[in-house]
Every structure is written in C-alpha cells, then in structure tokens.
Amino acid sequence: MRRLGSIPACQRIASSLPQAQDPFPGPAPVSVEVAQKFRRIDKSKKLPHSKSKTRSRLEVAEAEEEEISVKAARSELLLAEEPGFLEGEEGEDTAKIRQADIVEAVDIASAAKHFDLNLRQFGPYRLNYSQTGRHLAFGGRRGHVAALDWVTKKLMCEINVMEAVRDIRFLHSEALLAVAQNRWLHIYDNQGIELHCIRRCDRVTRLEFLPFHFLLATSSETGFLTYLDVSVGKIVAALNARAGRLDVMTQNPYNAVIHLGHSNGTVSLWSPAMKEPLAKILCHRGGVRAVAVDSTGTCMATSGLDHQLKIFDLRGKFQPLSARTLPQGAGHLAFSQRGLLAAGMGDVVNIWAGQGKASPPSLEKPYLTHRLSGHVHGLQFCPFEDVLGVGHSGGITSMLVPGAAEPNFDGLESNPYRSRKQRQEWEVKALLEKVPAELICLDPRALAEVDVVSLEQAKKERIERLGYDPESKAPFQPKPKLKGRSSTASLVKRKRKVMDEEHRDKVRQSLEQQPQKQEKAAKPVGARPSALDRFVR
Amino acid sequence: MKVKMLSRNPDNYVRETKLDLQRVPRNYDPTLHPFEVPREYVRALNATKLERVFAKPFLASLDGHRDGVNCLAKHPKSLGTVLSGACDGEVRIWNLTKRNCIRTIQAHEGFVRGICTRFCGSSFFTVGDDKTVKQWKMEGPGIGEEEEPLHTILGKTVYTGIDHHWKEGIFATCGQQVDIWDEQKTSPICSMTWGYDSISSVKFNPIETFLLGSCASDRNIVLYDMRQATPLKKVILDMRTNTICWNPMEAFIFTAANEDYNLYTFDMRALDTPVMVHMDHVSAVLDVDYSPTGKEFVSASFDKSIRIFPVDKSRSREVYHTKRMQHVICVKWTSDSKYIMCGSDEMNIRLWKANASEKLGVLTSREKAAKDYNEKLKEKFRYHPHIKRIARHRHLPKPIYSQIQEQRVMKEARRRKEVNRLKHSKPGSVPMVSEKKKHVVAVVK
C-alpha cells in the first residue's frame, strides 16, 4: 500500500493535468483504391487439388501483400508533382477553349512547350517522341528527317534521305532512329549517320518499337509483320498476316502484343511466338483506319470507315464499351498516359477525357479541340509532359493538353532529366534484363501463375509410373484403444462411421452439381425438334 | 477557366554540382513498371547463371601428413585452428589463415582413432591404437622443452573414439563399451554397454548435454543418459552406421551416416521412422557434420566426394570433388558456417567454401543488397524448368556418374517388381512400406 507522500513528484504533477486525448487515434487511414493499385494477387483464382501446406503459404503471402500495399499507398505522399487540369467556369465548355487562351493563362515554361513548326516544303510529317519524352524525331514524306531535344529546342540532326519516309521511330534511346523509307528500312544515328539498311524489311508502312523486348515490329505492304531484335540485329519472326496490305498497326504497352487493323473491319492481335494471331476482334462494318491501346492495356480505341469511334475492353471478353459516330472518320488515334484519347480527323484534333487514370474516356463531349493548318498525319502524346505532338501536312504542332501526362516518373525507368552516365547505366541494365520474344502473350503475368495443365499432366504420369496415387488419402485405420474399446465390433463400428460420413459428403456434392448440369443441358425454349438432335449430348 | 499545366522545376531533378549525388525520384506505381514478371524472370535466370559461373568452392589444401588423415577436430575458441590425427599416429595443429602447420606431435603408435578438444580450448585429447588416452596442452611446448602429454591413461582394450562433454570436465571413450571419464581420475566413472559388439563412435549432445549417442558394429545406434548411467534406447538399421552427429540447433535431432550409402536423420523421441532419408552418395558414408545454423550438414563418403544436404530435403544441394581427393574419411564444418574441411586418404586436408559462389570478405552495402535481391529472385523462380535445370547442374567425375546411372537402373528394377507384386496380389495382402520405414529394422527401449 503506497501513501500519497511516497509518489514521486513528476507523477504527481502529471496526474493533476487533464488527460489529453489523441484526436486521431490509430494509424493514418489509407484509401482503399490506392492500396488496391499495389496488389497483384488475384484472390478469385483457386488452385485445384492444393495441399494444405501450399494453401497456408498462399495465405501468408496474401496477408503480407495486404500489409505491404498499405505501406506503399502511404508512400504516395512523397510524390512531388500533381497532374494538370483544365476546368471551365459554370456553363463553359472546355472544348471551346482555344490553345492561345491556355498559353496566356499558363506559366512561361509551359507556354514555351506550345510551338508550331511550319514546314510546308517536304510534305506531311510523322513524328515520334522518345521513351523519356525529352527528344522528338519527325520525318516528312519528301525525305526530311530531323531529331531534336524539343524542351531546349536543341537540334541533334537534320538530313534529307532523298526517298519517301513513311514512318519514323526512336529505338530504345535517343541515340538511334529507325526510318521506314520507300524501299527498305534504315537505321540512323542521332547525328544523321546511316548505320544500317535492312533489306529484308521492304515497303514498310508502319513501325512500332517494343522497349522491354528490344524488338522493332514492322508492317509492310506485302502483308508481312516482321520482328527485328535491335540488340543482336536478327529477325526474330516474319509472320504472314494473310490479310493483304497492312497499314494500321499499334502496340499494347501492357503486354507487347501488336494490334493490326484490316480492311474487313477486324483487328488481329499478334505475338512473335505464334504463326497465327492470338485473337481476332470484329470492330467495324467497314475497314479499320486507326487503332490505339491505352498504357494499362485495359481498353482499345478503334475507328473505321463507317465513321464510328469505338472503345473495347481488352482485359475481359473484348466487348465494346462505348461508341460514337463522328462526322468524319478519324484516321489517327492516340492514348495519353492518364487515359486521354486524341483523335485526328482531317485537320481537326479532338481529345476526350475520362474520370480517372484507369477508366476509359467518356465519348460524350470532347475535352479539347484544335484546328491545324493541314491534315493530320501523325499523333502522339509526349510521355511525361502535358503536350500532344501532331504531325500534319503543314509541319509539326505541339499542343498543350493539361492533365494528359503522368506527373511523377520513376527515375530508374525513364528519367527525362538523366545524364549521359545515367543513360549508359540504364541501357546496360535494360539489355541485361531484355525479355525474350517467346514470352510475349496476352497475360504478361503468366510466368508467375501455377501451370495447372502441366501439374495435372505430371500427376497423371506419376500415378501411371508408380502404379498408385501417392497423394490419395490412405484408407482409414482405427487407432487401437485400451480398456476393451478395441474389440472387433467397435473397430468395425468406427470404420463404418467414417465411411458413411465420406459417402454422405460425396452425395451432397453430387446433388449440388446436378442442378448446374441440368441448367446446362436444358434446351433453348421454342427450339423446334430437328433431325440433328440425336447428336446433341 | 481554371488551368494548371504540369511543369517541373529542373532544379528539383538535376543535381547542383558534379560532387553531389544524382537525384533519382521514385514512383512504385505498377503501371509505370510494366512486364514485372518477365523481367524478374530474366534477372533470376541471369542470377542463376552467374552463380554457376562464380561457383569456385576449393580454397586450399593443407599438406604435411605422411599418412591418411583419420580424424579432425575444431578448436572451440579459435576459428582459424584445426587439429588432425593421421594413420601413422601423428597429430598436427594447423593455422587455416596462413595455411600452414603450427605444431606436430607424434601422439601414438598406430592410428590416431579419435581426437577431441576440451570445451574451454586449453587442451585436447587423443586416443590411438596403442590403447592409450592422452591429454595434451593446446599451447606448444616452450623452447628447450619436449612434447609431452599432460596426462596419459593406459587402458586394457583399444579405444576407437572419443568425445568431450560440452560443458563439464567429462569425456567419453568407446571401444568394447562406452566409458565416461572424469578428467581428474584414471578410471572411468561409469561404463555402459548394450550388446556384444564393438562400438565405433560416440558423440555428446551439444544442447541436452547429458545425452550421448553411439554407433556399434551390430548395426545399431544406442542413446545413453549420463545422469542415470544407463542406455536409453536403441534403433537397429539395415546396415552399420559409421558416425552420428547431433543437430546443434534442435536438441533431439541427429543424423547417422550409414554404410548403405544413405544418411538418416532421426528424432530421438520417435526412433521408429527417420525424419528424413538422405540419398545421394554412391558409396558408404563415412562422416557427417552439422553446420552451426542447424539447417544443413555435410557428409564425407568413400566415393571420393563430399555432399552438402539441407536437413529437410532428401537430395544434396552441392557436391564437391577433385581429381586429387581420394576416399574422404572425415569432414568438419567450421564454427562460422562458412567453410568445410575434409581429411582424406591421400594425406591432405582440404578447405572448401560452404556456399560455392559466395564472395568472401567484407561486402559493401550495395553488394549486399544486390546479393540479397538475387537470392530472393532465385528462390522465387526456382521451380521454372530452365532455371531449375541450370541451378541443379553439377559436374560429376566419371566413376560417380556411371555409378549413379547403374544404381538408378537397379532401383528402378526393384521398384518395378514391387509395383507388379502389389498390382497382381489381393489388395491388402502385400503391405506398402514407405521408403522411410524400409531401413529401420527395430527399435528397442
């Protein structure tokens, strides 16, 4: 028993103050969507015939992932930049806002990002931004090829290749340029020196570079889709698409699958590992004139000769999500990093925006529009800047599109402010982890899944080889008990009890499955009996 | 209208002077890092290949003995000292860092059958074919002094093994029976025996220090309790066990190195079934020693190789062999769990790395991070066929390789006959015995 006098002085003082309550008890709350972004385990998938040890390990992994996703969501606080936005006043339509108004209202550095290059002499231009968004390459139909750092407006090279240029692409960094000329494919240095002339790729119409596989995909007038590995300089696959002239091509940045648009209204999906397309989607009534896939690989926008602009869902059943009739067919489509869709129709560019990053854009009202001084020939959003580059018959225009780009880049992936040393280190690491072309398929996470088919096959082979199933439950052996409880009669009774319980479980399971089977087997209502019914199972 | 454009201040992204570090802002959003799984797979493949490239486990060979090395002992307090006894009675103390012999003693006439160090590291004991037990000082003799044992005990029969208690001044010898000696006395404080055959080795349990295990020629392993001075129980196997070794982390687990090319890990509480049967050697297993982590052990075999087994797996993770190394008689894992020493028939003691591709020495923090990352990647993708094939690949000398093929054919034939017997007989009449239970004949309490 302690008396008052024996309590130390500091405790006495502290106990006389009113107890302060923490107004925000517990850890800081974290938004569920942000935490969901960092989760990768698909909880709906169940492993068939899994052992309890595997299941317990999976549970541990899932619990760990929950914890880690909350921590990662908290670390989002450290991201320095905020995305841009453009909001009209009450009743003002953002589509009516002109580029000149935006340029006036915005700071000097951003205003300098809007420029127009008037190049009428060398034909309609196609353009391409490098992976980091710092460098721009453009090529005109009459042979004018140039590469520059468009932020500092420093020209790297400007040449005339004396041949028609159909498409131009940067390879993995700003050092190399691929130009699809009239006859063959040429590779140039960023100083304008011709490095290679690849004669196997002839009459190329479109180029696409798959950055993580170091593959340059070319589609040609002869109907061939060729994959060229630029790190070793070998043609990995030359696939005959068997659909005539190929001049609509795009890549899906999520899984490196090439989408080709055809004149019968279908879009086919190709991987260098397979000679046949992975999938064929019927999109339009007429020919498909433009395809674009967004950066997360969730939706694909297509536009065709039937003046429709449709958005398809790529992660589910390839169903159309929304459609819109345009006054004029859109010949060019592009998605931005945050899900904005730009369409070039004649000399007008329309941009549609959605709610968030992953949601498809709503095609009701355009977000921005702009009229150019010539017909659109090339369209691309700059990777980490709020800018849309348009190549048209009058030259190049760089449009301001607030809210288009991802504000926070990752310094180790693509860093627009990287130094020469950082670029060299990045290049070496990227080459070391170059993904082999055989791994391109619709689901890029396929390697991390359990190969259920092989597992079942291996199980069957093992049962055949051993002569018995090692994983099947051993028949129940009642444990011998003392004090007369182990007589023959009681042993038989215990065995019977376990057998009956197992039998009851089996019957219950089969009863549950029966109504499902009956539903499947029910014939459609109103079907007339036909002579072929005898073959229906 | 309200408009804001994304505009970055280059001062926040570019370093100020050449002497600063580069600024690397990070964003861990998975959409900015596509192809996570294939890139990790390629990194794991590279890590596995590099592990094989850097797998150079052989460090040094200690030369000096004039006859085969029969037994090894670790110094309990010094990592760089090892003691070895040879078949001509010579005992040598080696310095592993300088890789030279610091002391030579002609200890016995005939084989040095066993050598063990006292737990404090001040002296060590040897037993030999001349029926003596000798205790020696760990420090060498001064100038002018002769090499003399501290203490000599003359016995009536040949002693074949010796082991010292881990905490007290007591040691045990084995020969015709297991004797427990007090260091101060010249006759054993108790003798224990069960059966009529000679006992080849004895080992004290490092955790439950009153327990002993011994292996006898009549194919049994006997466990003794020193406090009650009686044998506890014994397990009879198919063939003779050469030595046992107690797990330094789990008090009741021990591994027995058997003549039938296998090693058996037993739980002493349930001796009727071994916890694991380790099968990979192609000839008799002569010695076994645990890593101080208790997760792996190394075994030395008559087939000129040493293998490292994980405790919970039945197959070895590593095999070390050299053209010059003949039948390996004894093996020890150093107390920092990094090196393995083995003494073989051709008078050499070899020093190996426990992890063949490990970089020795002090690693910088970046190296450590890269090493940890590579280990985790290899673990994540270890079941993929290409990676598994590369990680598993080991070069084997021709005799061992051809023996493995031969023994596989023999095993397949035996198993096929068993399966046929099972298939064509009345169900239940032929009992299906699991591989583990097959080798244990009986357990006697």
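Residues numbered from 1 in each chain as written. Chains lettered and ligands numbered in written order. Predicted model: local features only at pLDDT ≥ 70, side-chain atom pairs only at ≥ 80, totals over all residues. Heavy atoms only, no water.

Q: Tell me what's going on with a nonpolar patch on the surface, and back it up with residues and numbers.
A: A surface patch of nonpolar side chains, amounting to about 290 Å² of accessible area, comprises Leu 50, Val 53 and Phe 54 of chain B. Examined against the element boundaries, Leu 50 of chain B turns out to sit in helix 1 (residues 36-53). (Patch = residues over 30% accessible without salt bridge, like charges linked within 9 Å, V, L, I, M, F, W, Y side chains within 5 Å. Areas by Shrake-Rupley, 256 points an atom, 1.4 Å probe, with all protein chains shown as cover. Salt bridge = Lys/Arg side-chain N within 4 Å of Asp/Glu carboxyl O. Helix = DSSP H or I, 4+ residues; strand = E, 2+ residues; numbered from the N terminus.)

Q: Report on the packing of helix 1 of chain B against helix 2 (residues 365-380) of chain B, specifying residues and quantitative values.
A: Relative orientation and spacing of two packed helices are given, respectively, by the angle between their axes and the distance between those axes. All names here are of chain B. For the pair helix 1 and helix 2, interaxial distance at closest approach is 9 Å and the crossing angle is 105°. Between helix 1 and helix 2, the angle is such that the two are roughly perpendicular. Of helix 2, the residues touching helix 1 (which contributes Glu 40, Arg 43, Ala 44, Ala 47, Thr 48 and Glu 51) are Tyr 373, Asn 374, Leu 377, Lys 378 and Lys 380. A class-by-class count of the residues in the contact of helix 1 with helix 2 yields four nonpolar, two polar and five charged. (Axes fitted to C-alpha atoms, helices over the stretch in contact; angles between N-to-C directions. Parallel < 35°, antiparallel > 145°, perpendicular 65-115°, else oblique. Contact = heavy atoms within 4.5 Å. Nonpolar A, V, L, I, M, F, W, Y, C, P; charged D, E, K, R; others polar.)

Q: Can you break down the packing of aromatic side chains residue by residue, with the values?
A: Think of a pair of aromatic rings as described by two things: how far the centres are apart, and how the planes are tilted against each other in angle. Under the definition given, this model contains 19 aromatic pairs over all chains. Look at Phe 409 of chain A and Tyr 13 of chain B: their rings are 5.3 Å apart centre to centre, the planes differ by 40°, and that puts the pair in the tilted class. Taken together, the residues span two chains, with Phe 409 of chain A in the loop between strand 29 (395-400) and helix 6 (420-432) and Tyr 13 of chain B in the loop between strand 1 (2-4) and helix 1. Here Phe 409 of chain A and Tyr 13 of chain B have matching classes, each one buried. These aromatic residues form a ring-pair network of at least three members: Phe 384, Phe 409 and Tyr 417 of chain A together with Tyr 13 of chain B. In this arrangement the basic side chain of Arg 315 of chain A is found over the ring face of Tyr 254 of chain A, its NZ or CZ atom lying 4.0 Å from the centre. Its guanidinium or amino end placed over the ring of Trp 426 of chain A, Arg 418 of chain A lies 4.7 Å from that ring's centre, counting from NZ or CZ. (Phe/Tyr/Trp six-rings, centres within 6.5 Å; stacked < 30°, edge-to-face > 60°. Buried < 20%, exposed > 50% of the residue type's maximum accessible area, 1.4 Å probe, protein only. Lys NZ or Arg CZ within 6 Å of the ring centre and 35° of its normal.)

Q: Residue-level account of the side chain of His 384 of chain B, with values.
A: Assignment of secondary structure puts His 384 of chain B in the loop between helix 2 and helix 3 (385-392). A polar side-chain atom of His 384 of chain B sits 3.0 Å from the main-chain carbonyl oxygen of Leu 447 of chain A. Discounting residues that sit within four places of it in the chain, His 384 of chain B has contacts with Leu 447 of chain A together with Tyr 41 of chain B. (Polar contact = N/O pair within 3.5 Å; in protein donor to acceptor, adjacent residues only side chain to side chain.)

Q: I'd like a rundown of the pattern of salt bridges, residues and numbers included.
A: Tallying each qualifying case throughout the model produces 56 salt bridges over all chains. Among the ionic pairs, Asp 410 of chain A bridges to Arg 26 of chain B, the shortest N-O distance being 2.9 Å. One end of the pair, Asp 410 of chain A, is in the loop between strand 29 and helix 6; the other, Arg 26 of chain B, is in the loop between strand 1 and helix 1, on a second chain. The salt bridge involving Lys 438 of chain B is made with Glu 418 of chain B; its shortest N-O contact spans 3.7 Å. With Lys 438 of chain B in helix 5 (residues 435-438) and Glu 418 of chain B in helix 4 (residues 398-423), this pair connects stretches of sequence that are 20 residues apart. Judged by its relative accessible area of 37%, Lys 438 of chain B falls in the partly exposed class. A relative accessible area of 39% places Glu 418 of chain B in the partly exposed class.

Q: I'd like a rundown of the nonpolar core, residues and numbers included.
A: Within soluble globular proteins, side chains that are nonpolar generally end up buried alongside one another. Core analysis: the largest hydrophobic core is formed by 35 residues, its most contacted members being Val 349, Ile 351, Phe 381, Leu 388 and Val 401 of chain A. Where this core is concerned, the elements lending two or more residues are strand 3 (125-129), strand 4 (135-140), strand 5 (144-149), strand 25 (348-352), strand 27 (376-381), strand 28 (387-392) and strand 29 of chain A. When neighbours within four sequence positions are excluded, Ile 351 of chain A is seen to be in contact with Leu 340, Leu 341, Ala 342, Pro 366, Tyr 367, Leu 368, Phe 381, Leu 388, Met 399 and Val 401 of chain A. Ala 172, Ile 199, Val 202 and Leu 211 of chain B belong to the second-largest nonpolar core, a separate cluster that totals 33 residues. (Core = buried A, V, L, I, M, F, W, Y, C linked by side-chain atoms within 4.5 Å.)

Q: Give me the interface of chain B and chain A: which residues, what numbers.
A: Contacts between the two partners involve 38 residues from chain B, matched on the other side by 64 residues from chain A. Summed over both sides, the interface between chain B and chain A buries roughly 4800 Å², with carbon and sulfur atoms accounting for 58% of that surface. Run the count over chain B and chain A and you get nine salt bridges. Measuring nitrogen to oxygen at the nearest pair gives 3.5 Å for the salt bridge that ties Glu 87 of chain A to Lys 2 of chain B. (Buried area = accessible area lost by both parts, 1.4 Å probe.)

Q: How would you explain the packing of helix 1 of chain B against helix 3 of chain B if you had to name every residue and give the values?
A: Residues and elements named next belong to chain B. Taken N-terminus to C-terminus, the directions of helix 1 and helix 3 make an angle of 10°; their axes are 9 Å apart at the nearest point. By the angle between their directions, the pair helix 1 and helix 3 is classed as roughly parallel. Two packed elements cross with a definite hand, and for helix 1 against helix 3 that hand is left-handed. The residues of helix 3 that touch helix 1, namely those facing Tyr 41, Ala 44, Leu 45, Thr 48, Lys 49 and Arg 52, are His 386, Ile 387, Ile 390 and Ala 391. (Left-handed = near helix turned anticlockwise from the far one by under 90°.)

Q: Tell me about the UniProt feature "repeat: WD" (unreviewed entry) in chain B, and name the residues and values.
A: Residue and element names in this part refer to chain B. Following the UniProt record, one finds the feature "repeat: WD" (unreviewed entry) at residues 62-104, 278-319 and 321-362. Secondary structure content for residues 62-104 is 0% helix and 58% strand, while the C-alpha to C-alpha distance between its ends is 13 Å. In residues 278-319, helix accounts for 0% and strand for 50%; the two terminal C-alpha atoms are 14 Å from one another. (UniProt positions renumbered as here; feature names shortened; annotations may be inferred.)

Q: Describe helix 7 (residues 452-466) of chain A, and please don't skip the residues or the numbers.
A: Here helix 7 of chain A contains 15 residues, and its C-alpha end-to-end distance of 21 Å stays within 8% of the 21 Å for a straight helix at 1.5 Å per residue. Of the residues one or two after helix 7 of chain A, Gly 467 of chain A is the one with positive phi, at around 90°. (Expected span 1.5 Å × (residues − 1).)

Q: Now, about the sheet that holds strand 10 (residues 151-154) of chain B: what can you tell me, with residues and values included?
A: Residues and elements named next belong to chain B. Pairing in this open sheet of four strands is antiparallel, and the strands run 7-8-9-10 from one edge to the other. The strands lining the two open edges of the sheet, one partner per strand, are strand 7 (112-117) and strand 10. The mean angle between the axes of side-by-side strands here comes to 15°, regardless of whether they run parallel or antiparallel. Both strand 7 and strand 8 (residues 123-128) contribute to a ladder of five bridges, which runs antiparallel. Bridging across to strand 8, Thr 117 finds its partner in Phe 124. (Pairing = 2+ DSSP bridges.)

Q: Summarise the confidence of the model for chain B; cite the residues concerned and give the values.
A: Per-residue confidence for chain B gives a mean pLDDT of 94; residues scoring 70 or more make up 100%. The complex model carries a pTM of 0.89, and its ipTM stands at 0.87. (pLDDT = per-residue confidence, 0-100.)

Q: Mind laying out the UniProt feature "domain: BING4 C-terminal" (unreviewed entry) in chain A, listing which residues take part and the relevant values?
A: The residues that UniProt annotates with the feature "domain: BING4 C-terminal" (unreviewed entry) are residues 366-444 of chain A. Taken as a whole, residues 366-444 of chain A contains 16% helix and 28% strand, while its terminal C-alpha atoms sit 33 Å from one another.

Q: I'd like a description of the state of the cysteines, backed by residues and values.
A: Tallying each qualifying case throughout the model produces zero disulfides over all chains. Considering cysteine sulfurs only, Cys 299 of chain A is the nearest to Cys 283 of chain A, which forms no disulfide, with 13 Å between them. According to the relative accessible area criterion, Cys 283 of chain A is buried, its value standing at 2%. Left without a disulfide partner, Cys 245 of chain B is nearest to the cysteine sulfur of Cys 215 of chain B, which lies 11 Å away. (Disulfide = S-S within 2.5 Å.)

Q: Report on the environment of Ala 342 of chain A, specifying residues and quantitative values.
A: Tracing the backbone shows Ala 342 of chain A in strand 24 (residues 341-345). Using a relative accessible area of 0% as the deciding quantity, one classes Ala 342 of chain A as buried.

Q: Account for the pairing of strand 26 (residues 368-371) of chain A, with residues named and values stated.
A: Residues and elements named next belong to chain A. The alternating pattern of strand 26 places Leu 368 and His 370 on a buried face and Thr 369 and Arg 371 on a face that is not buried. Across four bridges, strand 25 lies against strand 26 in antiparallel orientation. Looking at the pairing, Val 349 lines up with His 370 of strand 26.

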